[in-house]
Amino acid sequence: MKVRLRHVQQRGSKYYFRISIPVALREFYDGRREISQTLRTDDHNEAEGLAAQLAKIYQKQFRELRSGRQIGPSRSSEDLLDTLELDTPSIPSLGHVPA
């Protein structure tokens, strides 16, 4: 039985991360409705772990934007994924968004 993972989509043999951008925050993401990024893996367990970490990072970013906190230019999903794959123990800094 195949289990559907939150924020994970399989296309062919590769896994992708997907998260919806809340309507109220889309202006901060050039009007995009979702963030979609390859997880660069065909391993189910690895995809699950990477997606969970990326989801936490984006949820934090969404919370900070809702609170009006200046978070700065967001790092691309590719940059975040590079950080996660290097097993960096801390969440990357998000900086601040210019007004």
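In this text, all values refer to a predicted model and were calculated from it rather than measured experimentally. (Residues numbered from 1 in each chain as written. Predicted model: local features only at pLDDT ≥ 70, side-chain atom pairs only at ≥ 80, totals over all residues. Heavy atoms only, no water.)

**Q** So, the pairing of strand β1 (residues 8-11): which residues are in play, and what are the values?
**A** As paired elements, β1 and strand β2 (residues 14-20) share four bridges and run antiparallel to each other. Its bridge partner lying in β2, Gln9 is registered against Tyr16. Turn length for the β1-β2 hairpin, with the two strands adjacent in sequence and antiparallel, is two residues, and the turn residue Gly12 shows positive phi of about 65°. (Pairing = 2+ DSSP bridges. Helix = DSSP H or I, 4+ residues; strand = E, 2+ residues; numbered from the N terminus.)

**Q** An account of unusual backbone geometry is needed here, citing residue identities and associated values.
**A** Despite not being glycine, His7 has its phi angle at roughly 70°, a positive value. Position of His7 among the secondary structure elements: in the segment before β1.

**Q** Describe the nonpolar core, with residues and values.
**A** Judged by nonpolar contacts, the single largest core of 17 residues is most densely connected at Phe17, Ile35, Leu39, Tyr58 and Phe62. Mapped onto this core, the elements with two or more residues apiece are β2 and α1 (44-66). Of the residues forming this core, the biggest block, eight residues, is contributed by α1. Among all residues touching Phe17, those that are not within four sequence positions of it are His7, Ile35, Ser36, Gln37, Leu39, Ala51, Leu54, Ala55 and Tyr58. (Core = buried A, V, L, I, M, F, W, Y, C linked by side-chain atoms within 4.5 Å. Buried < 20%, exposed > 50% of the residue type's maximum accessible area, 1.4 Å probe, protein only. Contact = heavy atoms within 4.5 Å.)

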